[in-house]
Structure formats: C-alpha cells, structure tokens
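Next come the chains, spelled out residue by residue.
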Amino acid sequence: MFLFFAQNRLILVLCGVLLSVVCLADVTSAQGPTTKKLPASPNALPDAGESETKGEVDHSGHDHGDEAMPEQPETIKDDVEALKKAILELPEEIRADAQAAWDLFEKTDTELATEMLKLRTIQLEYRNGIEQTPGAIIAFREQRNATWEVMQKQFTNALDLIRYLPSLEAVSYLVTMVQHRFENDVYDGETFEAAARLLDLGQNFRFLFLAGARSAVVIGDFETAKKIYESLKDEDLEKVDLSLKYQLEKAEEQFKREQAIIERTDADTLPQVRIETTKGEFLIELFPDAAPSAVAHFLKLVEEGFYDRMDFSVVSQNLLALNGDASGDGRGNSGQFLVDEHGREESRPGLRGSIAMAKIPIGDGKFIENSASSQFAILYLPILSISDTQSVIGRVIEGMDVVSRLRRVDPTKKKEKNEIQLPSDAILSTEIVRPGKDLPEPVYVDVQAEIEKAVEAGLLKRQSETPEQ
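Keep in mind that this is a model prediction, so the values were computed, not measured.

Chemist: Help me understand the overall build of the protein, please; the structure alone is not making it clear to me.
Modeler: A tally of helices and strands in the protein yields 12 helices and 13 strands. Per-residue burial for the protein yields a buried fraction of 52% across its 469 residues. Taking all contacts inside the protein whose residues are at least 6 apart in sequence as the whole, residues at least 24 apart take part in 79%. Accessible area of the protein: about 21100 Å², with a carbon and sulfur share of 50%.

What follows is the structure, encoded as structure tokens:
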C-alpha cells in the first residue's frame, strides 16, 4: 500500500458562506490580484465553520468527493440599478465586455439552478423508492458530473464578472466555491486568483489563505506563496502547508526544472491515456524518456483492460489518489515487477497531477527496490521527495478537478458500528488516445529476490508472506 495516508471525510455538506463586502469597487481594478491585504494580526483568523479550525483539520466523518454539492447562497442579491450605473462609469471601451460578463453570469445562474433541480429530483426519487434501478444510479452519477461542470463554468464566469463590476452575487459564489475547492483539493490558477481577489477585499477566512498559498505553489508563484505563509503562524497551518512553507525553495527548483522539460519536449510525441471514472474523465500524458520501462508496462496494462472497473483504494486529503490494487487489501499487483527508473537523468519531480508508480514500503520512508507493479498514485500537491524513491511516469493534463473530487478512502480507518460506508469511486474504463513512439519492452525483476536483499540488509524482517504494497 502506498506510504502516505490522511484522515478523510465521508459526507460533505458545504453550506454557502455569506459575505459582507466593503469597498467592492476595488474589484474593478484592471490589475491582477495582489494579496496586498494580508491580515494585520494573522494570529487571530476568524472562525467560519470547521474550515477555520486552527491547526490540522479533522477530515474524518466527511467525504469531500461525495454526492453533496455546495449549496448556493440565496439571500444575497445584486442591486441591478447600481450595477447598471457601475457599467456607465467604466471606460467606454470595456462597457460591452462588462455587460457581456454580467449577462453570462445571469444566464449560467439559471442553467445551474436547472441542473441542480434535476440532480435533486433523481436523488429524491431514488431515496423514496420511486426509481431504484441500476439505470437510476447511472443517471444520478451522470447528472452529478454534469452539474459539477456547470458549477465550474459559473466559477469562471463569476471571476470574470468581478474583474469589471462589484457584484455581490459573484463574490458570494466565489467564496462558496473557493471553500469547496479547498476541501476538494482543487488548486489551480482560478482558485489562486479568486482567493487572492477575496483577500484583497479584506476577507480573512482561513481557507482563503491556505487555498491561495497552495494554488500559488501549484502554478509556480512562489513569491506570493511565501508572502501568504509568512503572514500566518505555524499553528494556523496544516501539515501539508508546513511542509510546503519550509521547502519552498526546493519546490520552486523542481517546478522550474519540470517547466524546462515541458518546454523542450514535443508534446505531440507523448503517449496519452483517457481514464473514465465514476466522477468523470481525465486525460494523462506519459513520460517515456523519464521511465520507458514503466510507461511501456502501464500502456500494456491499459491495453489489457487491467484498470477497468477497479476502485481507488486510497484517496488521501492533500496528498494523493491510488489505483491499481486489484486485491483491495494493499497487496494487489500485476504479477510483474519493474526495475526502478527514478534515478535516471531524465526523471521527473512529483508535482500536482504527477503520476508515480507505487512500491512496497518497508517503513521510515523506505521501499523495497524494484517493486513497482500496477499501483499508481496521482498527487494532489507536490511531494518533493517522491522522485528520490519512485518513478514519476506521467501527469494529468485535463480533468484534474475530477481526480480531486474522488471520494476519500482511508483503508486504515476502523469502521464504527452502524456506520454507513459509501463505496469507493472507481475507474470505469481506460483508453489509449495516442500510443506515442515505439517503446522498448518493459524490464521486469524477481521481486522475491529484492525482498531477500532487503532482509539481508536488515531493512525487513523475514515474513511468511509478501509485505503490503
């Protein structure tokens, strides 16, 4: 089983966060977000529900990837006449763009309400026994994913709107969605900009600082990440933030190295695999230069349908999602074990969206050499040391929000009496979209010989069975 675990949530009910905004005219600045208004007293961040708890958040008892969708605030409404007046006060050359942004936000708001109603109707009919067929479950899953896509579209629209106009509805929606993204590990440029703009408006919600800092690391804005982290005390940070805060220099070095490799690589030559899951689909590209044996092996497993209908056995908050364990107990493998490739000159770092081949752990951050097989992890945030011990074989290039929303799974957590345990999300199908250039045959090893080496080196006690992967 992959080494890293975290506490997880089983059910997420994300309430809309109501926002009192002053000086909203700042939003209309043509400049980008600056995060200039960091808290004057970072020791006293306000409580705003469980996401504002100081220190490490307890993620047990919830599921960030469950069917519950964030409720949209209903009490905040824009002053239509005030917004019309605000448009007239804008430079003439951008008035049409501002009006178009407002119109699109209003149109998508109606679309989102329609999709949410469809989702709730399917859910109620199932719960009340009106429609409980397998088709109803599929319909719910498809409608849930469709609703999420509209929510994402409206997030983009709201962000665009507040670049022009002081829309209370747009700001309220952004606060709600940044919290939802924070609790679902969705860190990207839009999360960063939304968090930064809300901080510039003087909002002091803890999740805005953490979402902003993590997103800054992900997109490579390390100066802003440092600025945010330094504005907070260590007790206000979670473990992942402490790790990032004190390794920002190394994180920046790995990020720049990865960007340099991407720029000099012809992306059209890289293999691509589309993976459809119960939460939607995502697209990955593979790195044959970094790990040719592992990439060839992974593509072989995809062609064989090895991953189809396989659960995500571990999904850890702020960390990773793990698949490829056919047994479900951490020991699953393909029956073939790969030679390590993490020491190659072309090896890649572990950033958000990176895909690493999992190996058999033996404790203290050590692994049995040459023990990667079928299990792979997709990283939610950078793990700066992972490339020292495991091969990074690719990255997610589309649909990382789908990976982020997977239902959290902690196989080490003891099930309480009468606890309802929802099923894990799963891969439904995999498809090679582009095979890339011809690859060499995978290089396999005798894993039992590797285990014997670990025993002889005193790294592992002799056991009657293979240790967990």
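Chemist: Explanation requested: the nonpolar core in the structure shown.
Modeler: The nonpolar side chains of soluble globular proteins are, as a tendency, buried together. Core analysis: the biggest nonpolar cluster contains 59 residues, and L165, L174, V178 and L198 have the highest contact counts within it. Of all hydrophobic cores here, the second largest spans 32 residues; its members include V302, F312, V396 and M400.

Chemist: Sorry if this is basic, but what is going on with the pattern of salt bridges here?
Modeler: Here the idea is simple: oppositely charged side chains can pair when their charged atoms come close. Inspection of the entire model under this criterion finds 22 salt bridges. Residue K153 is joined to E111 by a salt bridge in which the shortest nitrogen-to-oxygen separation is 3.0 Å. Of the two residues, K153 is situated in helix 3 (residues 134–162) and E111 in helix 2 (residues 92–127); the sequence distance between them amounts to 42 residues. Here K153 falls in the partly exposed class, since its relative accessible area comes to 36%. Among the ionic pairs, K279 bridges to D425, the shortest N-O distance being 2.9 Å. Highlighted residues: K279 in the loop between strand 1 (272–277) and strand 2 (280–286) and D425 in the loop between helix 11 (400–404) and strand 12 (426–434), separated in sequence by 146 residues.

Chemist: Where do I start with the packing of helix 1 (residues 80–88) against helix 2 in this structure?
Modeler: Packed helix pairs are specified by the crossing angle of their axes together with the interaxial distance, meaning the distance between the axes. Relative to each other, helix 1 and helix 2 sit at 155°, their axes nearing to 9 Å. With respect to helix 2, the element helix 1 is oriented roughly antiparallel. Contacts between helix 1 and helix 2 pair V80, L83, K84, I87 and L88 from the former with R95, Q99 and W102 from the latter. Classifying every residue of the contact of helix 1 with helix 2 by side-chain character gives five nonpolar, one polar and two charged.

Chemist: So what exactly am I meant to see when it comes to the packing of aromatic side chains here?
Modeler: Think of a pair of aromatic rings as described by two things: how far the centres are apart, and how the planes are tilted against each other in angle. Tallying each qualifying case throughout the model produces six aromatic pairs. Relative to F207, the ring of F205 lies with its centre 5.5 Å away and its plane at 10°, an arrangement referred to as stacked. According to the relative accessible area criterion, F205 is buried, its value standing at 12%. Relative to Y307, the ring of F306 lies with its centre 5.2 Å away and its plane at 85°, an arrangement referred to as edge-to-face. Judged by its relative accessible area of 1%, Y307 falls in the buried class.

Chemist: Just checking my understanding: could you explain unusual backbone geometry for this structure?
Modeler: Peptide bonds are, in most cases, trans, and in most cases residues other than glycine have a negative phi. The backbone of D185 sits at a positive phi, close to 60°, despite the residue not being glycine. Position of D185 among the secondary structure elements: in the loop between helix 4 (168–183) and helix 5 (189–200). The phi torsion at D364 lies on the positive side, around 55°, for a residue other than glycine. In this fold, D364 is placed in the loop between strand 8 (361–363) and strand 9 (366–367).

Chemist: I would appreciate a short explanation of the environment of R120 in the present structure.
Modeler: With respect to the helices and strands, R120 occurs in helix 2. On the basis of relative accessibility, which here comes to 34%, the residue R120 falls in the partly exposed class. Between the alpha carbons of R120 and Q143 there is a distance of 9.5 Å; along the sequence they are 23 residues apart.

Chemist: Please clarify how the sheet that holds strand 12 should be interpreted in this entry.
Modeler: Paired through their backbone hydrogen bonds, the strands of a sheet run either parallel or antiparallel. On the basis of which strands lie adjacent, the open sheet formed by nine strands has the order 3-12-1-2-11-7-10-5-4 and antiparallel pairing. Each edge of the open sheet carries a strand with a single partner, namely strand 3 (310–311) and strand 4 (314–316). Relative to strand 10 (residues 376–379), strand 7 (residues 354–357) is paired through three bridges, and the arrangement is antiparallel. Paired with M357 across the bridge in strand 10 is F376. Across the sheet, helix 10 (residues 292–303) lies against strand 1, strand 2, strand 7, strand 10, strand 11 (392–398) and strand 12, angled at about 115° from strand 12, the strand it touches most.

Chemist: How should the environment of E106 be read in this particular structure?
Modeler: Summarising the element assignment, E106 is placed in helix 2. By relative accessible area, E106 is classed as partly exposed at 34%.

Chemist: I keep staring at the pairing of strand 11 and nothing clicks. Help me out?
Modeler: A regular strand carries its side chains on alternate faces of the sheet. Bridge count for strand 2 against strand 11 is four bridges, and the pairing is antiparallel. Bridge pairing in strand 11 links E285 to R395. When strand 7 meets strand 11, the two strands line up antiparallel, connected through three bridges. Paired with S354 across the bridge in strand 11 is R395.

Chemist: Explain the confidence of the model for the protein to me, please; I cannot follow it from the model alone.
Modeler: When pLDDT drops low, the exact placement of atoms in the prediction is not to be read closely. For the protein, per-residue confidence averages 84 on the pLDDT scale, and residues scoring 70 or more make up 81% of the total. Every residue in residues 1–31 scores below 50 in pLDDT, and together they form 129 contacts with partners more than four places removed in sequence or on other chains.

Chemist: Explain the packing of helix 6 (residues 206–219) against helix 7 (residues 222–230) to me, please; I cannot follow it from the model alone.
Modeler: Orientation of helix 6 relative to helix 7, taken along the N-to-C sense of each, is 150°, at an axis distance of 8 Å. In terms of orientation, helix 6 and helix 7 fall into the roughly antiparallel class. Crossing of helix 6 over helix 7 shows left-handed handedness. In this structure, helix 6 contributes F209, G212, A213, R214, A216 and V217 to the contact, and helix 7 contributes F222, T224, A225, I228 and Y229. Its residues assigned to classes, the contact of helix 6 with helix 7 shows eight nonpolar, two polar and one charged.

Chemist: Would you mind showing me how to read the environment of G350 here?
Modeler: Inspection of the secondary structure assignment puts G350 in the loop between strand 6 (337–338) and strand 7. By relative accessible area, which is 0% here, G350 ends up buried. Linking G350 and G394, residues 44 residues apart in sequence, is a C-alpha distance of 9.6 Å.

Chemist: Quick question: what am I supposed to make of the side chain of E341 here?
Modeler: Turning to its location among the elements, E341 is positioned in the loop between strand 6 and strand 7. One buried charge, E341, has no salt-bridge partner; the nearest side chain with opposite charge is R344, at 4.7 Å. Setting aside its immediate chain neighbours within four residues, E341 contacts A290, A291, P292, S293, A294, S347 and S391.

Procedures and definitions
Residues numbered from 1 in each chain as written. Predicted model: local features only at pLDDT ≥ 70, side-chain atom pairs only at ≥ 80, totals over all residues. Heavy atoms only, no water. Helix = DSSP H or I, 4+ residues; strand = E, 2+ residues; numbered from the N terminus. Buried < 20%, exposed > 50% of the residue type's maximum accessible area, 1.4 Å probe, protein only. Contact = heavy atoms within 4.5 Å. Areas by Shrake-Rupley, 256 points an atom, 1.4 Å probe, with all protein chains shown as cover. Core = buried A, V, L, I, M, F, W, Y, C linked by side-chain atoms within 4.5 Å. Salt bridge = Lys/Arg side-chain N within 4 Å of Asp/Glu carboxyl O. Axes fitted to C-alpha atoms, helices over the stretch in contact; angles between N-to-C directions. Parallel < 35°, antiparallel > 145°, perpendicular 65-115°, else oblique. Nonpolar A, V, L, I, M, F, W, Y, C, P; charged D, E, K, R; others polar. Phe/Tyr/Trp six-rings, centres within 6.5 Å; stacked < 30°, edge-to-face > 60°. Pairing = 2+ DSSP bridges. pLDDT = per-residue confidence, 0-100. Left-handed = near helix turned anticlockwise from the far one by under 90°. Lys, Arg positive; Asp, Glu negative; His and termini not counted.

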